[in-house]
Amino acid sequence: MEHIRTPKVEQVKLLDRFSNKSVTGTLHLTATHLIFVESNSTSILHHHIASVEKLSLKTNGCPLLIQCRNFRLVHFVIPRERDCHDIYSSLLRLLRPVSYDELYAFSYNPKQNDQQREEGWQLIDLAAEFERMGVPCDQWQLTDVNREYKVCKTYPRDLYVPIMASKPIIVGSSKFRSKGRFPVLTYFYQEKKAAVCRCSQPLSGFSARCLEDEHMLQAISKANHNSRYIYVMDTRPKLNALANRAAGKGYENEDNYSNIRFQFVGIENIHVMRGSLQKLLEVVGTRSLSMTDYLVGLENSGWLRHIKAIMDAAIFLAKTVTVEGASVLVHCSDGWDRTAQVCALGSLLMDPYYRTIKGFMVLIEKDWISFGHKFADRCDQLDPDPKEVSPIFTQFLECVWQLTEQFPQAFEFSEWFLIQIHEHVHSCQFGNFLGNSQRQREDLQLKERTYSLWAHLLSEKQNYLNPVYSPSFAESHPVLEPSTQAYHFKFWRNMYHQYDRSMHPRQSILKHVLTLKDSNRDSVSSPPKINLHSIHHNAPLLSRKEVQQEEDEEVFGEEAMEDAPAITGGERTVEGSSATENGYGELMGSFGSKNEPGAVTLEFGVARMTC
Amino acid sequence: MEFAELIKTPRVDGVDLHRPFMPTVEGTLCLTGHHLILSSRQDNTEELWLLHANIDSIEKRFVGSLGTIIVKCKDLRVIQLDIPGMEECLNIASSIEALSTLDSVSLMYPFFYRPLFEVIEDGWQLFVPEEAFKDLESMTDEWRLSEVNKDFSVCPSYPSLLTVPKDIDDESLCKAASFRHGGRFPVLSYYHKKNGMVMMRAAQPLTGTNGRRCKEDEKLINATLCAGKRGYIIDTRTIAVAQQAKARGGGFEQEANYPQWRRIHKAIERSNVLQDSLIKLVEACNDQSHSMDRWLSKLEASNWQSNVKEILTTACLAAQCIDREGASVLVHGTEGTDSTLQVTSLAQIILDPACRTIRGFEVLIEREWLQAGHPFQQRCAQSAYSNGKPRSEAPVFLLFLDCVWQILRQFPCSFQFNENLLIMFFEHAYASQFGTFLGNCVAERVKLQLSQKTVSLWSWVNRPQELERFLNPLYEPNNLVIWPSVAPQSLLLWEGVFLRWNRSTKCLDEACQEMVHIIEYNKELQNKVNSLRRQLAQLETEESPLQTP
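Residue positions are counted from 1 within each chain, in the order its sequence is given. Written order decides the labels, with chains lettered from A and ligands numbered from 1. It should be noted that, the model being predicted, local features are given only for residues of pLDDT at least 70 and side-chain atom pairs only at 80 or more, the latter also being counted only at that level, while totals for whole chains, interfaces and linings use all residues. Just so you know, side-chain values use all the structure's heavy atoms and leave hydrogens and water out.

Under an unreviewed UniProt entry, the name given to chain B is Myotubularin-related protein 9, and the source organism is Cyprinus carpio. UniProt positions are given in the numbering used here, feature names are shortened, and annotations may be inferred rather than shown by experiment. Looking at the Sequence similarities (unreviewed entry) heading of the UniProt record, one finds this comment for chain B: "Belongs to the protein-tyrosine phosphatase family. Non-receptor class myotubularin subfamily."

Chain A goes by Myotubularin related protein 6 in an unreviewed UniProt entry, where it is assigned to Cyprinus carpio. The UniProt entry for chain A carries the following text under Sequence similarities (unreviewed entry): "Belongs to the protein-tyrosine phosphatase family. Non-receptor class myotubularin subfamily."

This is the structure in C-alpha cells:
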C-alpha cells in the first residue's frame, strides 16, 4: 500500500499505561492494522485509532502515543526517530480514510460465500419486528410515503403511522419538523395499545403553528383509547429548547395542540456529552490517581449524571406507557441522538424481548440504525467534523450495562456483548454502522459489499451469554423498574479500562460460571462415549472452545473465553501475580530488586480482527 | 443492679414496626434486659429481636399522642417504631437509652447468653500459641516462644506468649519494651515460608526529641535479618506525623541507629479521623435525595474510599517487600494496635493462602486482632450514628474487613468464605451474644474470665450448619500470592454493608442462587463422569487379560 513507508520496525518498546513496565517487540504496519508482536501479539485496527501523537525525542527513542476509540491507549517507544516519523505519518494518512471505499468493511473477507453473506443480512427483519409488536393493526398502518426517501431523507423507507394520518397530514407535518422527521411509531405496547412515537423538534419559532402537525399528534392520541392525553417528551433541557426558538425551531405550544402534556427531561446535547467523556477519560487515564482526584473527577466530568438523566427519561417513558397506558411522543432537536437513547432504552425496559441477544440487535437496528442515528459522524468514521463526534451510542450501551448490574438475570447477554458491539461500531469492519442513514447505506450497497455484524456475533454467541440469565425473569418482571438512586450508578471499568489489564479483577466470576454452564450443557447433550480407545483423551467436561484450543494453538477464543479456567483437573492460574504492575509505592533504591519477567499474557477483551 | 429497674414499661401493644423494603408489622413491643422484641403474635410473621447493645442511638418524635422512636443500629440499620401513648413512648425510649449504654462489661449479654446448640468444638481453643509455634518450628529454628509477658506486666496489651528471635533473651525484651510505646516491643507477626522472610509488628519507638536509642531494640530487630540482608520499616504515619510524635515522647527509627533498615512512611489515618469518615459515609449512603453530583461529592468528602485505598496499598507494599524484594519487614504506627494490625493482617491475606480459608481467617482475626490487643471494646462502643462526643471509637476493624472484601472481589475464586462472613464479623464486633470481641486485650479477657463465662463466636460459626452460609461456591484453593489492584477504579463501595438497608437485593440474591445452582450441577455432573470413568477403567482391566493372546 502506497501510504506505508516502513512496514516493520524492530526493538520497539510498548509501555504500560499505568506502571513502569514495558515489553519489547516488533511493530508491523499493514494496510488495515498496526500489529505489535512480542510473545503475544497486539493488533490495533486503524479505524480504532482516534489520534496519534509523536512526543519529543527521549534518550531511549522516540515516543509514539496512540489513542483509540475503544479507550485503549498505547505508548510505543521507537528507537530511531526516522522510523517513528514514518509510522506516524503513515498512520496519520491511514486513520483518515477519504472515501467509504477505504473502510475496512469493504476489504474484510471472512471467507463466506454470497449466500451466507445474504443470510447474515436477513437475520434482522424490521417488518417482522413491527409485526411482533402487533403492527399494523386497526389503529396503525404502514405508510409508503417515504418509499423514495422524498419526505425524509434520514428516515427508513417503511414507516408506521396512525390510520387517521393521511398523506397530506404526514407531508404537512414533516414540513413543520426539523429535517422532515415527522412523528412515527417506534414501539407499540400491545397490552395497552399505547404507542411510543418519535420525531424531531417542531419549527415553531416564537409563534408558528401547523395544522397538519397538530392533526398528526391528534391522530396519535386518537389511536389510543386508554388515555385522553399524549405525552410529548422534549428530551432537551428547557433552556436549549427556548434558545432554539430564536432559530425558528423550538417545542410544542400546549395551547395549540389539544390534549398533550408537554414535558422537558433535560438530557444535554452532543457537545456537552463529548466534553464530559473527554473529562472522564482524562481523569481515569491519570497515573497514580488518588481516590479523591478520582471521585472529584468523576463528579466534575458529569458523566454519570448524564447517564442517570438518560435513564430517568427512559423510566419516565416506560412508566407513562405501561402504567398510565398513554402514548408518548419523544423528540429532541433532530430526533436522532437523545430521542434514540430514550426510545431504545425505554423499549428495553418495557419489553423483555429486547433483553435477549437477538432482540437487542433488533432494537439497535430499529431505533439507531434505521431511524438514522448518524453513526458515521458521531463515531468519526470518515473525514470527520470534530464537532459532530459524540459518544451518544456509548451512553446507551452504558445505560444497558447499568441495568444489567441491577437485574443480573434479566439479560441474555453479558457486558462483553455490549463491549463487543461498541468495538465494532468503531471498527468499520462490518457494514451495519457505516454511514449516517438508511438511504446512504443503500447507496453504498452495503448488503452486497460488506458483511453483517449480527451474523458474526451470533456465530460466537457462546462468548456473550449471561450464565445466570433466566427467561422466566421476564415473566415476573415484564417491565423493569430500576432504582435511580445515585449510588446505583457505577463507573463502567470494563468498558473504559478494557485494555488496562492491571485494573481488572484477577478472576472473573462471569467467565468461570459461563464455562461451567457451557460444560454442563455439553456433558448433558453429549454424554461421555464409552470408547475404550479414546477414553483417555475424551474429556467431556471440557468446553468446546477449550478443546479447540488444545487442538489448535493458533485459535484464541474471544475475550469472554480467555483465561477461562480449565474444568477438569486444570490448575486455575491467577493473573497479575506481579506486585510492580500495581504500583503500590516506589521502593526507592530498593536493594536486590529484580525486574519482573514480562507477565503480560493475552490481552483482556481484545476484539480480535479475524482477517 | 437489676435490669428491671431500668425497664419502666416492659410491654406495649399495638406498636407498628417500619423497616425499609419490608411490610409494616403491627405487634407487641417487649423490653427485656438485653433485647428489644417486637412480635406480631402470629405464626409465620417475622419477629424482631434486637440486642440493646446493637443500638447506636435513638430519636423520638411525637404527633399528637402517637410517638415514634427511630432506632439506629450499629449494623447501620434504621428502624422506626410507632408507639401509641406518649408516656409509653417516653418510657420505652429512656429504657432503651439506658440499656444500650450500660457501662459495665459484665452486664453485657454474652454473660447471660446460653447457647441453644451443643458446643462441639470450643472456640476459645481455636488458636493455641504453642501449637502455632510448633508449626513455625518445623520451618525455622530462629525463633522462640517467650513467657516474659506471662503476667502482662511488660506489655499490658500483648498476650502472655510471644514469638521473638531466639538470640534475644527476656531481659533484652524488657529493655526493648521500655523503648516502645505501651511496651509493645517488636514481635513476630508472620513468617513467609516461601523465602523465610518475616513480618514483625511493634509500636513506635520512644526516641523523643533528643533522639533516645535502645541497643536492645536495635539488636532485637537486627536479629531478624539474614546476614548481609536489609529490611524495611513501614511506618503507617506520614513523616510529618511521625516527627510530631517526637514532641510527645514518641518517634521513629533513626537511620543512623538502624543502618540495615530502610524506613517507608505511609499515610494511614489515625483512628479518630476514621470515625468521622464512617459517620460521613453512612450519612451520604442514607440520604435518598441526592443528585449524582451531591452523592459523588459526599462520598468523596467522607474519605472512606481513600482510607480503604491507603490501607490496602500499605498492606500490598509490606507484602511486596517480603515476597518480591525478599526482605523482612517491621510495621508500626503510633500505638501499634490499629493501623499496624490492619497492615499486618491484610498482608497475610495477600501472602498466605491459609488465611483465605474460613478457619485460617478466624485464626488471623484471633491472632492479629484479638491477641494482638486491638481495643475492640473501645473502638466498637459506638458506630456511625453516635451523636455524643467521640471517645475512642473508630471503625478500624470495619476498614480491615472492607479491604478484605475488596481483595475478595478481585479474586472471587481464591477465598473459601464469602461476603456474608465479613458482614457477620462486622456485626459481632459491634454487638454480639458471644464473648469473643469483649474487652480490649488478652489481659482484660482473662480478668473477665470470658472463656469460662461466655461462649466464643468461633464455637458457633464453626458448626457445619452455620458454616454453609459462609462458604464461597467458587472457591478453589490457590497457593499463589494474590496482588490486588489498588487503582481507585478497582475499589468499590462495599454495598453489602453500607447500602445493605437501602436497597432491595432480591434480584441480586436470586442471581447468586442461580450461580450456586450452576456450580453444584457442574459438580454433580463431574462426579457422574468420574464414576463412569472408573467403571470403564475397571472394565478395561477386566477385559485386557482376555485380549492378550
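Another aspect to go through is the overall build of chain A. Helix and strand counts for chain A stand at 22 helices and 14 strands. Among the 611 residues that make up chain A, the fraction classed as buried is 60%. Here, two residues are considered to be in contact whenever any of their heavy atoms come within 4.5 Å of each other. In chain A, once contacts between residues fewer than 6 apart in sequence are set aside, the share between residues at least 24 apart is 71%. Surface exposure here means Shrake-Rupley accessible area, sampled with a 1.4 Å probe, where a residue is shielded only by the protein chains that are shown. Approximately 23,900 Å² of chain A is accessible, and the part contributed by carbon and sulfur atoms is 49%. By the criteria applied, helices consist of DSSP H or I runs no shorter than four residues and strands consist of E runs no shorter than two, each listed in order from the N terminus. Here's how the labels work: a residue is buried when its accessible area is under 20% of the maximum for its type, exposed when over 50%, partly exposed in between, all with a 1.4 Å probe on protein chains only.

This next bit is on the packing of helix H11 (residues 358–371) of chain B against helix H13 (residues 396–410) of chain B. All names here are of chain B. Between H11 and H13, the shortest axis-to-axis distance is 13 Å and the interhelical angle comes to 145°. Note on packing geometry: the crossing formed by H11 with H13 is right-handed. Between H11 and H13, the residues in contact are Phe361, Leu364, Ile365 and Trp369 and Val396, Phe397, Phe400, Leu401 and Val404, respectively. Among the residues making up the contact of H11 with H13, the classes are represented as nine nonpolar, no polar and no charged. Only the contacting stretch of a helix is used when fitting its axis, a line to C-alpha atoms as for every element, and angles between N-to-C directions run 0 to 180 degrees. Crossing handedness is defined as follows: a turn of the near helix away from the far one that is anticlockwise and smaller than a right angle gives a left-handed crossing, while the clockwise case is right-handed. Gly falls in the polar group here, along with every residue not listed as nonpolar (Ala, Val, Leu, Ile, Met, Phe, Trp, Tyr, Cys, Pro) or charged (Asp, Glu, Lys, Arg).

On to the state of the cysteines. Residue and element names in this part refer to chain A. Cysteine sulfur atoms that pair up within 2.5 Å are treated as a disulfide. Enumeration according to the criterion identifies zero disulfides over all chains in this entry. Not engaged in a disulfide, the cysteine cysteine 210 finds its nearest cysteine sulfur in cysteine 199; these two sulfurs lie 12 Å apart. Classification of cysteine 210 by relative accessible area gives buried; the value is 8%.

Attention shifts here to the side chain of serine 519 of chain A. Relative to the elements of secondary structure, serine 519 of chain A occurs in helix H20 (residues 509–525). Note on serine 519 of chain A: relative accessible area 0%, which makes it buried. Pairing of N or O atoms within 3.5 Å defines a polar contact, subject to two protein rules: one partner must be a possible hydrogen donor and the other a possible acceptor, and residues neighboring in sequence count only if both atoms are side-chain atoms. Reaching out from serine 519 of chain A, the side chain makes a polar contact with the side chain of asparagine 522 of chain B at a distance of 2.8 Å.

The subject of this paragraph is helix H11 (residues 357–370) of chain A. All names here are of chain A. Between the first and last residue of a helix there are one fewer steps than residues, each counted as 1.5 Å, and that sum is the expected span. With 14 residues, H11 ought to run about 20 Å at 1.5 Å a step, and its terminal C-alpha atoms sit 18 Å apart, in line with that. Burial analysis of H11 places 13 of its 14 residues in the buried class, which makes it a mostly covered element. Immediately downstream of H11, the backbone of glycine 372 shows phi near 80°, a positive value.

It is worth spelling out the nonpolar core at this point. Only buried residues count toward a nonpolar core. Its members are Ala, Val, Leu, Ile, Met, Phe, Trp, Tyr and Cys residues joined through side-chain atoms within 4.5 Å. Grouped together as the largest cluster of nonpolar side chains are 234 residues, with contacts concentrated most on Phe360 and Phe396 of chain A together with Phe361, Phe400 and Phe498 of chain B. Setting aside its immediate chain neighbours within four residues, phenylalanine 498 of chain B contacts Leu76, Leu278, Leu281, Val282, Cys285, Trp304, Leu398, Asp402 and Leu493 of chain B.

What follows concerns the packing of helix H4 (residues 170–178) of chain B against helix H5 (residues 215–222) of chain B. All names here are of chain B. One can describe the packing of H4 onto H5 by two numbers: an axis separation of 8 Å at closest approach and a directional angle of 115°. With respect to each other, H4 and H5 are oriented roughly perpendicular. Read as a crossing pair, H4 and H5 show a hand that is left-handed. Residues Ser172, Leu173, Lys175 and Ala176 of H4 form the contact with H5, whose own contacting residues are Glu216, Asp217 and Leu220. Split into classes, the residues belonging to the contact of H4 with H5 amount to three nonpolar, one polar and three charged. Any angle that falls under 35 degrees is termed roughly parallel, while one over 145 is termed roughly antiparallel, one within 65 to 115 roughly perpendicular, and all others oblique.

Moving on to the pattern of salt bridges. The term salt bridge refers to a side-chain nitrogen of Lys or Arg lying within 4 Å of a carboxyl oxygen of Asp or Glu. Following the criterion strictly, the structure yields 57 salt bridges over all chains and no others. When the shortest N-O distance is used, the salt bridge between glutamate 218 of chain B and arginine 213 of chain B registers 2.8 Å. We classify arginine 213 of chain B as partly exposed; its relative accessible area is 40%. One network of salt bridges, with partners in common, ties together Asp337, Lys374, Asp377, Arg378 and Glu388 of chain A.

What follows covers the interface of chain B and chain A. Each side of the interface is counted separately: chain B has 73 residues, and chain A has 75 residues. A simple way to read buried area is as the amount of 1.4 Å-probe accessible surface that goes missing from two parts once joined, with both sides added. Buried surface at the junction of chain B and chain A, both sides included, amounts to about 6,400 Å², of which 64% is carbon and sulfur. Per-residue buried area on chain B facing chain A is highest for Met292, Gln489 and Leu536 of chain B; these three make up 11% of the total on that side. Connecting chain B to chain A are two salt bridges.

A few words on unusual backbone geometry. Residue and element names in this part refer to chain A. For the bond from valine 135 to proline 136, the omega torsion is 0°, close enough to zero to count as cis. Here proline 136 is to be found in the loop between helix H3 (126–133) and strand E8 (140–143). Of note, the phi angle at cysteine 428 is positive, near 55°, even though the residue is not glycine. Considering the arrangement of structural elements, one finds cysteine 428 in the loop between helix H14 (415–427) and helix H15 (438–443).

With that settled, the discussion passes to the UniProt feature "active site" (unreviewed entry) in chain A. All names here are of chain A. In this structure's numbering, the residues bearing the UniProt feature "active site" (unreviewed entry) are Cys332. Turning to its location among the elements, cysteine 332 is positioned in the loop between strand E14 (327–331) and helix H10 (338–350). Using a relative accessible area of 2% as the deciding quantity, one classes cysteine 332 as buried. Apart from residues no more than four positions distant in its own chain, cysteine 332 is found in contact with Cys199, Ser200, Gln201, Asp234, Thr235, Arg236, Asp337, Arg338 and Thr339.

Before going further, it helps to examine the sheet that holds strand E13 (residues 260–264) of chain A. Hydrogen bonds between backbone groups are what pair the strands of a sheet, and the pairing can be parallel or antiparallel. Residues and elements named next belong to chain A. Two strands pair under a simple rule: DSSP has to find at least two bridges between them. If you walk across this open sheet you meet the five strands as E10-E11-E14-E12-E13, and the pairing is mixed. The sheet is open, and its two edges are formed by strand E10 (184–189) and E13, each paired on a single side. Sheet twist, expressed as the mean angle between neighbouring strand axes with direction ignored, is 20°. As paired strands, strand E12 (residues 230–234) and E14 are joined by five bridges and run parallel to one another. The partner of aspartate 234 across the bridge, within E14, is histidine 331. Contacting E10, strand E11 (194–199), E12, E13 and E14, helix H9 (residues 303–324) runs over the sheet at an angle of about 175° to E12.

As a further point, take the UniProt feature "domain: Tyrosine specific protein phosphatases" (unreviewed entry) in chain A. In the UniProt entry, the feature "domain: Tyrosine specific protein phosphatases" (unreviewed entry) is given for residues 301–345 of chain A. As a span, residues 301–345 of chain A carries 69% helix and 11% strand, and end to end its C-alpha atoms are 23 Å apart.

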